[in-house]
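# Working through the structure, step by step
The lines below spell out each chain.
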Amino acid sequence: MTYDDVTHLSAKIKPKQQKVELEMAIDTLNPNYCRSKGEQIALNVDGTCTDETSTYSSKLMDKQTFCSSQAASNVSRYAAAVYKKGELHLTPLHGILQLRPSFTYLDKADAKHREREAANEGGDSSQDEAEDDVKQITVRFSRPETEQARQRRVQSYEFLQKRQAEEHWVHLHYYGLKDSRSEHERQYLFSQGHGLAENTELIKSPSEYLMMLMPPSVEEENDKPMAPSNVLSMAQLRTLPLADQIKILMKNVKVMPFANLMSLLGSGTDSTAVLRCIQQVAMLVQGNWVVKSDVLYPKDSSSPHSGVPAEVLCRGRDFVMWKFTQDRWVVRKEVAAVTKLCPEDVKDFLEHMSVARINKGWEFMLPYDEDFVKKHPDIVQRQHMLWMGIQAKLEKVYNLLKEHLTPKKQEAQSAHPLLVSGEQRVNMAKAKVKQNYGQLEKELQKQKAEMKSNDASAKMDVSNIRIKEEPVSDEEPMDTSAYEGMNNGIVNGLHAEDDSMDSLNGHLPGGCIDRVAQELKAFVSSTFKKQFVLTLSELKRLFNLHLASLPPGHTLFSGISDKMLQDMVLDTGCKQILVPFPPQTAASPDELKVYALWEAGDTYDQHRQVLLEIFSKNYRVRRNVIQNQLSQECGEDLNKQEVDRVLKDCCVSYGGMWYLKGTVQS
C-alpha cells in the first residue's frame, strides 16, 4: 500500500480536543495490494448491503484512517527551525500531534458479527406464537440529583467520552506541497524583520537568550527515571556523611582492605576519621575489614532460607569470622556441626568472606594485609581484645571443645608465597608491640628510679588492694589459656617480655599502684551498679571489653590477676553468693563463682538481699515462692511491678523457673 496519491486525502479536526483525523486513499492497483484480503475486510465491516452508512462503498478496503494523539504534554520547550542564507529562524510550537492508524472499522465488523449471531438465535424460536407473554414491569421515579452525585457524574469516564463524541468534526481542505497556498503559509516560518534593531527581544546576551528559549522546567526532576532502591551511585554516595558511606560500602562489599576503602572514599578523606568509623561497622580479620554480622542481619530480620532469627544468624556468622582469625581455612561441615544452622545459611556466611577450594575447604578471600598491621598496631590490639570477648561468648554458647580453639597446622599450603603462617603473624605483632610500648617502658623505669632514690616518699597506703609478691607460678592469673592462639604475646593487655616481668604479679612501680586501684575500683563499681549480679567469667569478659576500649598505654594494661579482681569486687561492697549448683553441672570454675552487689543505696536493697539469700539455698526457684518470701521478710505486700523490678535486677527466667544471672545451664 502506498499513499502517493494525496489528491484523495480528506481531513477533519475537533479544535477543542486538538484531535485530527486524516483519511488517505490506498492504491488498490498496486501489485503489493492483496485484493482478496481487501474484499474480505469490506465484507466483514459493511456486510452485503451498500448504503450511505457503509465504510467502504466500493466493496473493497480502499482507504485508511489516521487518528492523532498528543506526543508530549509540555511543548513549550520545542520550536520549529528553518535555516536559510546563514540565518536560523525559530518558531515556537503550541502542540505536537502524532498520527497513528485507526482500527475502528474492526469494531464495526465485530458489532455486525454479534448482530448476525443474535438474529440467528432469535430465528430458532417458535413462529406460531401470536404474541409475546405479558410481563410485569416496575415503574421507578428518579430522585433529584445531589451536587456531589452531579460532580461524580461529570468527572466520570463515560461522561467525558460522551462530551468528546458530541463535538462536531470540522472538515478541512488539503493543499499539496507545491500549491500557492502552502507556499504562502510556509513564509510565516521566517522572521519578517531585516535587522536586530527591530527585534528588541533578541538584543540580549547568548546565555539570556538561551534561558528565554529553554527556561528551566519544574517537571524535569520528575521525568528522571527512578533508580532501584538498592542502587546508589558514587556521586550520590559521597553526598552522605562519612559513617554512612563506610556502612553502605562495607554492607555491599562485605570484605575490603583498608587501602581499597580509602580509594573509594576519594582523595582528601581523613584516615583517622575513617578508622574511627570503620570500627563501628566492621571487624579486623587477617588485617582486612569484614562487615559486622549485626549490620547484615538487623534486629528484627530473619533468614530467607530457614526463618532463623537474626540473633542466631549473627552468632553463627561471628563463629565463622572468629575461625578465620585463627586460620586461613575453614571446613563447612565443622561450622554446620557447631552452629546447628542449615547448610544454606552456612554457605551464605562463607561466601561473604571466603572462596571454596576443591578438596581443601573454604579459604579467606584476601591475603593477609601486613602493611595495615604494621602501620596501626593500636587498632590491631584493640580488635584483638574484642575478639577475645567474642571468643569467650562463643565458648559459652556453643560449648566449644579444645580442637575448635586450636588452629590447624597448614601442610601443603606453605608453598604459596602470599600466605603468611599464624606464627609469623604473631612474631610480627610482637615486634610491633615492643616498638610501640618502648616509650611506655622507659617511663615506668624512670618512675622506678625516682622511687628507689626516695623510699620514704614511696610508701603509700595500699590497704584497699592486696598485691601478691609470690612468683608467677604461685599466682592465680586471669585465665587466658583460651586466647593463646590470638594474644600475640599480650597478657591482660601488656606485652610479656623478659625485661618487663617486674610490672606483673604485683610488682608495679609505686606511682602506678594507686592509679591502677582507682581505675579498677571505678570499673567494678560501675559494672555492678548496672548488672547487680555477675559470675567471675562474665566479669572477666566485660573487663576485657573495657580494656579494648581504652587507649594504648592506659594504667590498667599493667596486668590485673584474678585474685586482684576478686579482692576489688569484695572491697566495693559486693558479696559472693554460694549458689548450690546441681552435681552434674558443666559450668567452669569461673562460672561457679557468683558475686552480687549487696547495697546499692536505693529502696530495693532489702528486697534484693532477701532474694540473694533465697538463691544461696536454692539453685532455681518459682516466682510464687519468691513473692511469698519477700512479703514475709519485708513485712509488706509487694505489687507485681516491684517484684518485677527486683527480679529484673538479679535474675533471669528460663522454662518457668527463675535463676540468678549467669547461672542458667542450657
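Residues numbered from 1 in each chain as written. Predicted model: local features only at pLDDT ≥ 70, side-chain atom pairs only at ≥ 80, totals over all residues. Heavy atoms only, no water.

- As annotated in an unreviewed UniProt entry, the protein is RNA polymerase III subunit E from Falco tinnunculus.

### Describing the overall build of the protein
- Helix and strand content of the protein: 28 helices and 20 strands.
- The burial tally for the protein puts 35% of its 666 residues in the buried class.
- Expressed as a percentage of contacts within the protein between residues at least 6 apart in sequence, the contacts between residues at least 24 apart total 67%.
- As displayed, the protein has an accessible area near 42400 Å², and 52% of this comes from carbon and sulfur atoms. (Helix = DSSP H or I, 4+ residues; strand = E, 2+ residues; numbered from the N terminus. Buried < 20%, exposed > 50% of the residue type's maximum accessible area, 1.4 Å probe, protein only. Contact = heavy atoms within 4.5 Å. Areas by Shrake-Rupley, 256 points an atom, 1.4 Å probe, with all protein chains shown as cover.)

### What to know about helix α9 (residues 242-253)
- Between its first and last C-alpha, α9 extends 16 Å over 12 residues, near the 16 Å set by a 1.5 Å rise per residue.
- Taken together, the buried positions of α9 are Gln245, Ile246, Leu249 and Met250. The buried residues of α9 occupy one face: seen down the axis, they fall within an arc of 120°.
- In this fold, the buried residues of α9 make contact with α8 (234-237), β8 (255-256), α10 (258-265), α11 (271-281), β9 (282-285) and β10 (288-291).
- Immediately beyond the C-terminal end of α9, within one or two residues, lies Lys254, with a positive phi of roughly 80°. (Expected span 1.5 Å × (residues − 1). Arc of directions from axis to C-beta.)

### Description of the nonpolar core
- Phe528 and Leu660 are the most contacted members of the largest nonpolar core, which has 55 residues in total.
- Aside from chain neighbours lying at most four places away, what touches Phe528 is Leu534, Leu539, Val569, Cys574, Tyr595, Ala596 and Leu597.
- Residues Leu284, Val290, Leu350 and Phe372 belong to the second largest nonpolar core, which totals 54 residues. (Core = buried A, V, L, I, M, F, W, Y, C linked by side-chain atoms within 4.5 Å.)

### Points about the packing of aromatic side chains
- One pass over the structure, following the stated rule, counts 9 aromatic pairs.
- Ring geometry for Trp289 versus Phe372: centroids 5.9 Å apart, planes at 80°, classification edge-to-face. In this pair, Trp289 sits in strand β10 while Phe372 sits in helix α16 (residues 370-375), placing the two residues 83 residues apart along the sequence. For the pair formed by Trp289 and Phe372, the shared burial category is buried.
- Taking 5.8 Å as the distance between ring centres and 70° as the angle between the ring planes, the aromatic pair formed by Phe319 and Tyr398 counts as edge-to-face. (Phe/Tyr/Trp six-rings, centres within 6.5 Å; stacked < 30°, edge-to-face > 60°.)

### A look at the sheet that holds strand β16 (residues 533-535)
- Taken in spatial order, the 3 strands of this open sheet run β16-β18-β17, and their pairing is antiparallel. In this open sheet, the two strands that pair with only one neighbour each are β16 and β17 (574-577). Pairwise comparison of adjacent strand axes, ignoring direction, gives a mean angle of 30° for this sheet.
- Two strands pair when backbone bridges link them, and β16 and strand β18 (residues 594-597) are joined in this way by 3 bridges, in the antiparallel orientation. Its bridge partner lying in β18, Thr535 is registered against Val594.
- Across the face of the sheet, helix α24 (residues 562-571) comes into contact with β17 and β18 while running at roughly 115° to β17. (Pairing = 2+ DSSP bridges. Axes fitted to C-alpha atoms, helices over the stretch in contact; angles between N-to-C directions.)

### Let's talk about unusual backbone geometry
- Positive phi is not limited to glycine here, since Lys85 has a value of about 55°.
- Inspection of the secondary structure puts Lys85 in the loop between β4 (79-84) and β5 (87-92).
- For Lys85, a relative accessible area of 78% puts it in the exposed group.
- Even without being glycine, Asn359 reaches a positive phi, approximately 60°.
- Tracing the chain through its elements places Asn359 in the loop between β12 (354-357) and β13 (361-364).

### Side note on the sheet that holds β10
- Spatial strand order, β8-β10-β9: 3 strands in an open sheet with antiparallel pairing. A strand with exactly one partner marks an edge of an open sheet, and here the two such strands are β8 and β9.
- Here β8 runs beside β10; their pairing, made up of 2 bridges, is antiparallel. Note that in β10 the partner of Val255 across the bridge is Val290.
- Contacting β9 and β10, helix α13 (residues 310-326) runs over the sheet at an angle of about 30° to β9.

### What to know about the environment of Cys277
- In this fold, Cys277 is placed in helix α11.
- A C-alpha to C-alpha distance of 9.0 Å links Cys277 and Asp244, two positions 33 residues apart in sequence.
- Setting aside anything within four residues of it in sequence, one finds Cys277 in contact with Leu242, Ala243 and Ile246.

### A short note on the environment of Leu341
- Mapped onto the elements of the fold, Leu341 is located in the loop between α14 (332-339) and α15 (343-353).
- Relative accessible area serves as the criterion here: at 9%, Leu341 is assigned to the buried category.
- Taking C-alpha positions, Leu341 is 7.6 Å from Gly316, a pair spaced 25 residues apart along the chain.
- Beyond its immediate sequence surroundings of up to four residues, Leu341 is in contact with Val308, Val312, Gly316, Ala336, Val346 and Phe349.

### Thoughts on the confidence of the model for the protein
- Averaged over every residue, the pLDDT of the protein is 76; residues scoring 70 or more account for 76%.
- For residues 1-7, every residue scores under 50 in pLDDT, and the model assigns this stretch 13 contacts once sequence neighbours within four places are set aside.
- Per-residue pLDDT stays below 50 along residues 125-130; that stretch engages in 0 contacts with residues further than four places along the chain or on separate chains. (pLDDT = per-residue confidence, 0-100.)

### Quick look at the pairing of β10
- Along β10, one buried face is formed by Asn288 and Val290 and the opposite face, lined by Trp289 and Val291, is buried too.
- Linking two consecutive strands that pair antiparallel, namely β9 and β10, is a turn of 2 residues; a positive phi of about 55° is found at Gln286 within it.

### Looking at the side chain of Arg328
- Looking at where Arg328 falls in the secondary structure, it is placed in the loop between α13 and β11 (329-330).
- Within polar-contact distance, the side chain of Arg328 engages the side chain of Gln286 at 2.7 Å.
- In this structure the side chain of Arg328 is engaged in a polar contact, spanning 3.2 Å, whose partner is the backbone oxygen of Leu366. (Polar contact = N/O pair within 3.5 Å; in protein donor to acceptor, adjacent residues only side chain to side chain.)

### Observations regarding the packing of helix α26 (residues 605-615) against helix α27 (residues 623-634)
- Closest axis-to-axis distance for the α26/α27 pair is 10 Å, and the angle between their directions is 125°. Between α26 and α27, the angle falls in the class oblique. The interaxial crossing formed by α26 with α27 has right-handed handedness. Seen from α26, the contacting residues are Gln606, His607, Val610, Leu611, Ile614 and Phe615; seen from α27, they are Ile626, Gln629, Leu630, Glu633 and Cys634.
- For the contact of α26 with α27, the residue count by class is 7 nonpolar, 3 polar and 1 charged. (Parallel < 35°, antiparallel > 145°, perpendicular 65-115°, else oblique. Left-handed = near helix turned anticlockwise from the far one by under 90°. Nonpolar A, V, L, I, M, F, W, Y, C, P; charged D, E, K, R; others polar.)

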